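Structure at a glance
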Amino acid sequence: MDRELRSTHFHVRWTKKAVFDWRPFETGHEALEHALQFARPAELFSIEEVLSTHCTMCRAKAATGD
Ligand SMILES: [Zn+2]
């Protein structure tokens, strides 16, 4: 369980959702499965791979103490 050692991870970026889901995924496939499960018809999203050390999304989430 050396999750922190991974150099990159993935996020689902929704183009229209007001509330973003910045849950990190270990693989692009996982992120895609999640996105397809929650996507509404005609809703657009993209899977983005980010460097773990430079992820502003995870950092912002950690700052909230969640
Ligand atoms: Zn992240």
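This is a predicted model, so every value here is computed, not measured.

Focus on the overall build of the protein chain
Check the secondary structure of the protein chain and you find two helices and two strands. Listing every helix and strand of the protein chain by position from the N terminus yields β-α-β-α. A buried classification covers 9% of the 66 residues belonging to the protein chain. Taking the intrachain contacts of the protein chain between residues at least 6 apart in sequence as the baseline, contacts between residues at least 24 apart amount to 52%.

Re the confidence of the model for the protein chain
In this model, the protein chain carries a mean pLDDT of 82, and residues with pLDDT of at least 70 account for 80%. Ranking the elements of the protein chain by mean pLDDT puts helix α2 (residues 56-63) last with 78 and helix α1 (residues 28-38) first with 93.

A look at the environment of L32
When you line up the elements, L32 lands in helix α1. Placed 21 residues apart in sequence, L32 and H11 show a C-alpha to C-alpha distance of 9.1 Å.

As for the environment of R13
By the element assignment, R13 lies in strand β1 (residues 8-14). Sequence separation between R13 and S46 is 33 residues; the distance between their C-alpha atoms is 5.2 Å. When sequence neighbours within four positions are dropped, the list of residues in contact with R13 reads F45, S46 and E48.

Notes on unusual backbone geometry
Within the chain, A42 stands out as a residue other than glycine whose phi angle is a positive 70°. On the secondary structure map, A42 appears in the loop between α1 and β2 (45-51). Since 6 C-beta atoms lie within 10 Å of it, A42 is described here as exposed.

Rules and cut-offs
Residues numbered from 1 in each chain as written. Predicted model: local features only at pLDDT ≥ 70, side-chain atom pairs only at ≥ 80, totals over all residues. Helix = DSSP H or I, 4+ residues; strand = E, 2+ residues; numbered from the N terminus. Buried ≥ 20, exposed ≤ 12 C-beta atoms within 10 Å, placed from the backbone. Contact = placed C-beta atoms within 7 Å. pLDDT = per-residue confidence, 0-100.

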